[in-house]
Amino acid sequence: MRILVVEDEPGVAHFVRQGLTEAGHAVDVARDGREGLEFALAAEYDVIVLDIMLPRLNGLDLLREIRRRGGEAPVLLLTARDAIDDRVKGLDAGADDYLVKPFAFPELLARIRALLRRPPLQAGSVLRVGDLEMDLAARKVIRGGKSIELTPREFSLLEFLMRHPNQVLTRTQIAEHVWNFDFYNESNVVDVYIGYLRRKIDRGFSSPLIHTVRGVGYLLKAEVE
Ligand code: CA
């Protein structure tokens with residue numbers, strides 16, 4: 001999924017970006033509050049990871065500004081160990097959760113998974129479309145009882161499609177949630193990855209799940225039985 005990280009400490013930003021990218025997410029990093037606001041307004045993020053102590057515009061003011069402008073992306077705040085007051089203010093300002101620094105990376109990933117599970121997204125950590133199943137926690141994909149190996153990017157693309165079943169998704173919508181700003185200007189990247197997924201998900205099965213909507217985009221849909 002598409003994640004914005006707003007963090008001014010280069011070491012933390014690097015570690016978080018690398019870990020989230022390895023987990024298959026598309027990550028943009030903003031280095032201060034103003035840049036964070038520009039990014040947050042320019043793309044539809046699925047989660048925003050937000051440090052509180054930031055130059056130019058602090059995390060709480062940034063969060064209030066995002067919410068004031070109608071931004072609804074789940075926000076995970078990064079707070080200092082002793083800053084209880086910040087956590088309370090953060091939750092009041094519209095944060096969904098917080099994590100105390102320093103944190104272990106698996107905990108950050110688990111918190112992000114929990115935020116991605118919230119409504120209106122499907123509940124639980126297993127997504128299902130027809131005979132296709134994706135276990136988000138175990139990162140496993142099974143179709144018709146057969147286990148399917150996906151790269152992190154393919155997994156992320158399929159996850160986005162499975163979170164929006166029976167819905168026509170444009171290439172831009174797909175690109176915005178699966179790739180970061182560095183990639184989504186490469187015009188055919190979505191088509192190329194849809195091709196990879198088709199080979200793994202649909203090849204060898206009698207009814208395809210991935211459908212092309214000519215001139216528009218793609219649709220993940222199971223045939224009604
Ligand atoms: Ca900071």
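As the structure is a computational prediction, the values presented were derived from the model and not from experiment.

Details of the overall build of the chain
Reasoning step 1: Tallying secondary structure elements over the chain gives 8 helices and 12 strands in all.
Reasoning step 2: Relative to its length of 225 residues, the chain is compact, with a C-alpha radius of gyration of 18 Å against a globular reference of 17 Å.
Reasoning step 3: The buried share of the chain, taken over its 225 residues, is 48%.
Reasoning step 4: Taking contacts inside the chain between residues at least 6 apart in sequence as the whole, the part at least 24 apart equals 57%.
Reasoning step 5: Only carbon and sulfur atoms are counted for the fraction: they give 50% of the accessible area of the chain, which is about 11200 Å².

Let's talk about the coordination of the calcium ion
Reasoning step 1: Distances from the calcium ion to its protein donors, namely D8 (OD), D51 (OD) and M53 (O), fall within the range 2.1 to 2.3 Å.
Reasoning step 2: When the donors of the calcium ion are listed by position in the chain, the intervening gaps give D-x42-D-x1-M. Here D8, found in the loop between β1 (2-6) and α1 (10-22), pairs with D51, found in strand β3 (residues 47-51); they are 43 residues apart in sequence, far enough to count as distant.
Reasoning step 3: The exposure class of D8 is partly exposed, given its relative accessible area of 29%.
Reasoning step 4: Here D51 falls in the buried class, since its relative accessible area comes to 4%.

Observations concerning the sheet that holds strand β9 (residues 146-148)
Reasoning step 1: Sheet architecture is open: 4 strands sit in the order β6-β7-β8-β9, paired in antiparallel fashion. Edge positions in the open sheet fall to β6 (126-129) and β9, since each of these has one partner strand only. For this sheet, the mean angle separating the axes of adjacent strands, direction not counted, is 25°.
Reasoning step 2: Relative to β9, strand β8 (residues 140-143) runs antiparallel, the two sharing 3 bridges. Among the inter-strand pairings, R143 is bridged to a residue of β9, identified as K146.
Reasoning step 3: Across the sheet, helix α6 (residues 152-163) is in contact with β6, β7 (132-135) and β8; its angle to β7 comes to roughly 115°.

Concerning the sheet that holds β3
Reasoning step 1: Ordered in space as β2-β1-β3-β4-β5, the 5 strands form an open sheet in which the pairing is parallel. Lying at the two open borders of the sheet, with one neighbouring strand each, are β2 (26-30) and β5 (97-100). On average, each strand axis in the sheet is tilted by 20° relative to the strand beside it, whichever way the strands run.
Reasoning step 2: Sheet analysis places β3 next to strand β4 (residues 75-79), joined by 4 bridges and oriented parallel.

Description of the domain arrangement of the chain
Reasoning step 1: We note that the domain assignment places domain 1 (2-117) and domain 2 (126-220) within the chain.
Reasoning step 2: Summarising the inter-unit geometry, the C-alpha centres of domain 1 and domain 2 are found 26 Å apart.
Reasoning step 3: With 17 residues of domain 1 at the contact, the number on the domain 2 side is 16 residues.
Reasoning step 4: Counting the surface lost from both domain 1 and domain 2, the interface buries some 1200 Å², and carbon and sulfur atoms represent 44% of this.
Reasoning step 5: The interface formed by domain 1 and domain 2 contains 9 residue pairs in polar contact (both at pLDDT 80 or more).
Reasoning step 6: Elements with a minimum of two residues in the side of domain 1 that touches domain 2: α1, β2, α2 (33-42) and α5 (105-117).
Reasoning step 7: No other element matches β2, which puts 3 residues into the side of domain 1 that touches domain 2.
Reasoning step 8: Of the residues in the side of domain 1 that touches domain 2, the class split is 8 nonpolar, 2 polar and 7 charged.

Looking at the packing of α6 against helix α8 (residues 189-201)
A pair of packed helices is characterised by two quantities: the angle between their axes and the separation of those axes.
Reasoning step 1: Two elements in contact, α6 and α8, have axes whose closest approach is 10 Å; the angle formed by their N-to-C orientations is 85°. With respect to α8, the axis of α6 lies roughly perpendicular. Between α6 and α8, the contacting residues are R153, E154, L157, L158 and L161 on the first element and Y193, I194, Y196, L197, K200 and I201 on the second.
Reasoning step 2: In the contact of α6 with α8, the residues fall into 8 nonpolar, no polar and 3 charged.

What counts as what
- Residues numbered from 1 in each chain as written.
- Predicted model: local features only at pLDDT ≥ 70, side-chain atom pairs only at ≥ 80, totals over all residues.
- Heavy atoms only, no water.
- Helix = DSSP H or I, 4+ residues; strand = E, 2+ residues; numbered from the N terminus.
- Rg over C-alpha atoms; globule rule 2.2 N^0.38 Å.
- Buried < 20%, exposed > 50% of the residue type's maximum accessible area, 1.4 Å probe, protein only.
- Contact = heavy atoms within 4.5 Å.
- Areas by Shrake-Rupley, 256 points an atom, 1.4 Å probe, with all protein chains shown as cover.
- Donors = N, O, S within 2.8 Å, 3.2 Å for Na, K, Ca; no water.
- Pairing = 2+ DSSP bridges.
- Axes fitted to C-alpha atoms, helices over the stretch in contact; angles between N-to-C directions.
- Domains from an automatic or database assignment.
- Buried area = accessible area lost by both parts, 1.4 Å probe.
- Polar contact = N/O pair within 3.5 Å; in protein donor to acceptor, adjacent residues only side chain to side chain.
- Nonpolar A, V, L, I, M, F, W, Y, C, P; charged D, E, K, R; others polar.
- Parallel < 35°, antiparallel > 145°, perpendicular 65-115°, else oblique.

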